[in-house]
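Okay, here's what each chain looks like letter by letter:
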Amino acid sequence: MTCRKNNRKYGSAWIVPAVLLLAGCRASDRHVELPSPQAQTRPAPQAARRPALPPADTEPSRLTAGKRVLVDAGHGGRDPGAWQATLSKLPEKTINLGIARGLAAALQRQGAAVRLTRSEDEFIDLQDRADLARQQQVDLMISVHANSAPGSNASGAEVYICRTASEASERAARQIESAFKRAGLACRGIRKANFVVLARHPRPAVLVECGFLTHPDDARRLNDPAFRARIAAAIADGVTRYLLREPIPTSPTDPLVADRQLVP
Ligand SMILES: [Zn+2]
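Remember, predicted model here, so these are calculated numbers, not experimental data. (Residues numbered from 1 in each chain as written. Predicted model: local features only at pLDDT ≥ 70, side-chain atom pairs only at ≥ 80, totals over all residues. Heavy atoms only, no water.)

The next subject is the pairing of strand E2 (residues 113-116). For strand E1 (residues 68-73) and E2, the ladder comprises 4 bridges, and the chain directions are parallel. Counterpart to Leu-70 in the pairing with E2 is Arg-115. Considered for its hand, the β-α-β crossover made up of E1, helix H2 (residues 92-109) and E2 is right-handed. (Pairing = 2+ DSSP bridges. Helix = DSSP H or I, 4+ residues; strand = E, 2+ residues; numbered from the N terminus. Right-handed = clockwise from strand over helix to strand, strands pointing away.)

Written out as structure tokens, the structure reads:
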């Protein structure tokens, strides 16, 4: 079954969190940059400031009612993603899926309509993932990955937006970065790269690298379900605040950093 067939089958029905998206995919595309970046064309939402905290009697389950979020677990199927077997029992695709499922469940509890690009070990084309964000007019697409580096020194999470990111994408990234810090999770800051799932559709989009599988401590933690749950909760916190248009917390130590040197 291809992605497009699947989209027709489910139409705009947002069944959370178990809607499946089945398609074909290329390997290791997360690391492929687009030669011709496309601007995110969604106009930046006007700032309609809401209180930082909801009224005490607000039902948590209604906080983000009506908002649509697409949660994308990176890689899958024949594409394991980053995997250094000496450091990590699990391949990146499995770690990503665990975090994505926790994130989807947490966002659903806040009332958002959440869709997963995959909820199983499926191989899905990157463009199909991006197409789903466009077709479903999501308020945010969030792609979950784990990182790798040539050496073993790099550690901590990174938050990516595309080079021509909209104000909405940048706001979502800053909320997620801030949520990581509130949760006591290391975050190396916000970076820009034209990954397919960020740049090949016009909707707000963020990609989170949840840690380095090439770093012994990061790899050990990412293999721990409790740590993955902490990551999922932190991302959900940031996404919820983005959806609620809460003010961006000040983050004096982490301005946007330079583009990443992508590893093929
Ligand atoms: Zn990845």
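The rest of the description comes next.
With that out of the way, let us pick up the sheet that holds strand E6 (residues 205-212). Read across the open sheet, the 6 strands follow the order E2-E1-E3-E6-E4-E5; overall the sheet is mixed. Every other strand in the sheet has two partners, leaving E2 and strand E5 (187-192) as the edge strands with one partner each. The average undirected angle you get between the axes of adjacent strands in this sheet is 20 degrees. Relative to E6, strand E4 (residues 157-161) runs antiparallel, the two sharing 3 bridges. Each bridged residue has a counterpart across the sheet, and for Val-159 the counterpart in E6 is Val-208. The sheet contacts of H2 involve E1, E2, strand E3 (140-147) and E6, and relative to E3 the element is tilted by about 145 degrees. Across the sheet, helix H3 (residues 126-135) is in contact with E1, E2 and E3; its angle to E1 comes to roughly 175 degrees. (Axes fitted to C-alpha atoms, helices over the stretch in contact; angles between N-to-C directions. Contact = heavy atoms within 4.5 Å.)

For the structure shown, the criterion picks out 12 salt bridges. Between Lys-93 and Asp-121 there is a salt bridge, and its shortest N-O distance comes to 3.1 Å. Remark: Asp-121 occurs in the loop between E2 and H3 and Lys-93 occurs in helix H2; sequence separation between them is 28 residues. Residue Asp-121 is classed as partly exposed on the basis of its relative accessible area, which comes to 46%. Across the salt bridge formed by Asp-217 and Arg-220, the nearest N and O atoms sit 3.7 Å from each other. Taken together, the positions of Asp-217 and Arg-220, both in helix H6 (residues 216-222) and 3 residues apart, correspond to about one turn of that helix. In this structure Asp-217 comes out as partly exposed when scored by relative accessible area, which is 36%. Sharing partners across several salt bridges, the network here consists of Arg-182, Asp-237, Arg-241 and Glu-246. (Salt bridge = Lys/Arg side-chain N within 4 Å of Asp/Glu carboxyl O. Buried < 20%, exposed > 50% of the residue type's maximum accessible area, 1.4 Å probe, protein only.)

That is the geometry; function is a separate question.
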